Amino acid sequence: MPHVNIKHFPAPLNDEQASELVSAITEAVTRAFGCAEGVVSIALEPVEQRAWQDQVYAPEIVERNHLLRKTPSY
């Protein structure tokens, strides 16, 4: 607890960029939940643009909009 799964269009993140992203998210999550960083897990999940509507937008944004804390502008 907690687990963060970031779904995104495939992006050429190098190891340093991915590490900086994970570090920043870990810091924000540990601060918000008051937990140790060792209990945080983070996944970076690339989703092809052509699959976004079916795999992400409809099931996670539209159907679970009651859980969203920030909505997209598209």
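This one's a predicted model, so the numbers in the text were calculated from it and none came from an experiment. Starting from 1, residues in each chain are numbered consecutively following that chain's sequence as written. Local features in a predicted model are, by the rule used here, given only for residues with pLDDT of at least 70; side-chain atom pairs are given and counted only at 80 or more, and totals for whole chains, interfaces and linings are based on all residues. By convention in this description, side-chain values take in all heavy atoms of the structure and omit both hydrogens and water.

**Concerning the environment of E60**
Then, number 1: Only DSSP runs of H or I reaching four residues or more are called helices, and only runs of E reaching two or more are called strands; each is numbered from the N terminus. Assignment of secondary structure puts E60 in helix α2 (residues 52-62).
Then, number 2: For every residue, the accessible area (1.4 Å probe, protein chains only) is compared with the maximum for its type, and the residue is labelled buried under 20%, exposed over 50%, or partly exposed between those bounds. By relative accessible area, which is 31% here, E60 ends up partly exposed.
Then, number 3: Each C-alpha atom of the pair E60 and I42 lies 17 Å from the other, and the pair is 18 residues apart in sequence.
Then, number 4: What makes two residues a contact is simply this: any of their non-hydrogen atoms within 4.5 Å. With residues near it in sequence (within four places) discarded, E60 still touches K7, Q55 and L68.

**Observations regarding the pairing of strand β2 (residues 41-46)**
Then, number 1: Two strands pair under a simple rule: DSSP has to find at least two bridges between them. Relative to β2, strand β1 (residues 3-8) is paired through 6 bridges, and the arrangement is parallel. Residue pairing in the sheet places H3 in a bridge with S41 of β2.
Then, number 2: A crossover counts as right-handed when, viewed with the strands pointing away from the observer, the path leading from the first strand over the helix to the second turns clockwise. Read as a crossover between parallel neighbours, the route from β1 over helix α1 (residues 15-33) to β2 is right-handed.

**Some words on a nonpolar patch on the surface**
Then, number 1: Together, L13, L21 and L44 line one region of the surface with nonpolar side chains, adding up to about 200 Å² of accessible area.
Then, number 2: Secondary-structure assignment places L13 in the loop between β1 and α1. Put simply, a patch holds well-exposed residues, over 30% relative accessible area, that have no salt bridge, with like charges counted together within 9 Å and Val, Leu, Ile, Met, Phe, Trp or Tyr side chains within 5 Å. Method for areas: the Shrake-Rupley scheme with a 1.4 Å probe, in which residue coverage is limited to the protein chains shown. Salt bridge, as applied in this entry: a Lys or Arg side-chain nitrogen positioned within 4 Å of an Asp or Glu carboxyl oxygen.

**Describing the packing of aromatic side chains**
Then, number 1: Here a pair means two rings of Phe, Tyr or Trp (six-membered ring of Trp) with centres within 6.5 Å. Their orientation is stacked below 30 degrees between planes, edge-to-face above 60, and tilted elsewhere. Taken as a whole and judged by the stated rule, the model has 2 aromatic pairs.
Then, number 2: Between Y57 and Y74 the ring centres are 5.5 Å apart and the planes differ by 45 degrees, which places this aromatic pair in the tilted class. Within this pair, whereas Y57 is found in helix α2, its partner Y74 is found in the segment after α2, the two being separated by 17 residues in sequence.
Then, number 3: The partly exposed category is assigned to Y57, whose relative accessible area is 21%.
Then, number 4: The exposure class assigned to Y74 is exposed, which follows from its relative accessible area of 55%.

**Considerations on α1**
Then, number 1: What a helix is expected to span follows from its residue count: subtract one and scale by 1.5 Å. Helix length check: α1 (19 residues) gives 26 Å between terminal C-alpha atoms against 27 Å at 1.5 Å per residue, within 8%.
Then, number 2: For α1, every residue scored as buried is listed here: A18, I25, T26, V29 and T30. Along the axis of α1, the buried positions cluster into a sector of 130 degrees, meaning they face one direction only. Residues of α1 that are exposed and point over 90 degrees away from its buried face: E16 and R31.
Then, number 3: Contacts from the buried residues of α1 go to β1 and β2.
Then, number 4: Where α1 begins, the capping side chain belongs to N14, and its oxygen is found 3.0 Å from the backbone nitrogen of E16.
Then, number 5: Positive phi appears at G34, one or two residues downstream of α1, with a value of about 65 degrees. For this quantity, the arc is that covered by the directions from the helix axis to the C-beta atoms. The definition of a polar contact used here is a pair of N or O atoms within 3.5 Å, where within protein one atom must be able to donate a hydrogen and the other to accept one, and adjacent residues in sequence count solely through side-chain atom pairs.

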